[in-house]
Amino acid sequence: MSNDATGAQNARSTGADAGNLGYLALGLTLLAYGLLSTGILSGTGVGDSAHLAHLVGGLTLFIAGLWQLRSGEGFTGTAFTSLGAFWATWSAAGGAGKNAAGLFLLLWALLALTLTAASWNAGLFSRAVYGLLTVSLVLSAFATFNTSGGLAKFAGWVAAASGLVAWYWATSSLTNSAWGRNVLPVK
């Protein structure tokens, strides 16, 4: 997706932009992970999102990233392939100890911070998606290290907010492209 979220308009004629697919996959995965982390659904937890994280977050994001890299979109290609690897690894590492899991989350927070810095001039949605993801990963890491349920729930809400922004960004881009005008604001 281009920096101003209008890549879908170009993709309509070329079929080369997988940005919307990537942001939908990222958004839905973060929403599921975040909401399941909050405990608002009785009898569920973060582990329940593992299959969704593996297939939608891991596989779909990775494929969308490769597609973006092939079409010359270095930022979204890097973001989607690396975040796809994150989700696939996270879903497969369910039995990791708290220190290993905390370190894993903290190291991936560095990637999210890199993506936040790299996308800073791309607009509010880009900053919000990657900035909130960074905060969520840092909070999740500290919650994991300290076995803090309250902090983990707060991190889940931040992840859900990041997912909601990513989902809205892709939805607005797809909708505006389909309608040929700005129906949903993208900036």
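Here, the structure is the one placed above.
Residues numbered from 1 in each chain as written. Predicted model: local features only at pLDDT ≥ 70, side-chain atom pairs only at ≥ 80, totals over all residues. Heavy atoms only, no water.

Enquirer: Go over the overall build of the protein chain with me, naming the residues and quoting the values.
Expert: Summing up its helical and strand segments, the protein chain has seven helices and zero strands in all. Helices (α) and strands (β) of the protein chain occur, in sequence order from the N terminus, as α-α-α-α-α-α-α. A total of 187 residues make up the protein chain; the buried ones form 45% of that total. Look at the contacts in the protein chain between residues 6 or more apart in sequence, and 67% of them connect residues 24 or more apart. A total accessible area of about 8,800 Å² is found for the protein chain, and carbon and sulfur atoms account for 67% of it. (Helix = DSSP H or I, 4+ residues; strand = E, 2+ residues; numbered from the N terminus. Buried < 20%, exposed > 50% of the residue type's maximum accessible area, 1.4 Å probe, protein only. Contact = heavy atoms within 4.5 Å. Areas by Shrake-Rupley, 256 points an atom, 1.4 Å probe, with all protein chains shown as cover.)

Enquirer: Describe the nonpolar core, naming the residues involved and giving the relevant values.
Expert: Grouped together as the largest cluster of nonpolar side chains are 32 residues, with contacts concentrated most on Y23, L26, W87, V129, Y130 and L137. Looking at this core, the elements that each hand over two or more residues are α2 (19-38), α3 (50-70), α4 (74-92), α5 (98-118), α6 (124-146) and α7 (149-179). Among the elements that make up this core, the one with the highest residue count is α6 (seven residues). Residues in contact with Y130, not counting those within four places in the same chain, are Y23, F75, A79, F80, L83, A112, L115, T116 and S119. (Core = buried A, V, L, I, M, F, W, Y, C linked by side-chain atoms within 4.5 Å.)

Enquirer: Give a description of the environment of I40 that names residues and reports values.
Expert: Along the chain, I40 falls in the loop between α2 and α3. Residues I40 and K153, spaced 113 residues apart in sequence, show a C-alpha to C-alpha distance of 9.4 Å. Once residues lying within four places of it in the same chain are set aside, the contact partners of I40 are L35 and W157.

Enquirer: So what about the packing of aromatic side chains? Which residues, and what values?
Expert: Across all of its chains, the model carries 13 aromatic pairs by this definition. Between the aromatic rings of Y23 and Y130, the centroid separation amounts to 6.4 Å while the plane-to-plane angle is 65°, which identifies the pairing as edge-to-face. Here the residue Y23 occupies a position in helix α2, and Y130 occupies one in helix α6, the gap between them amounting to 107 residues. According to the relative accessible area criterion, Y23 is buried, its value standing at 0%. Where F86 meets W108, the ring centres are 5.4 Å apart and the plane angle is 55°; that geometry is what we call tilted. Placement of the pair is F86 in helix α4 and W108 in helix α5, with a sequence separation of 22 residues. When its relative accessible area of 4% is taken as the criterion, F86 is described as buried. Joined through ring pairs, the aromatic side chains of Y23, F75, F80, F125, Y130, Y168 and W169 make up one cluster. (Phe/Tyr/Trp six-rings, centres within 6.5 Å; stacked < 30°, edge-to-face > 60°.)

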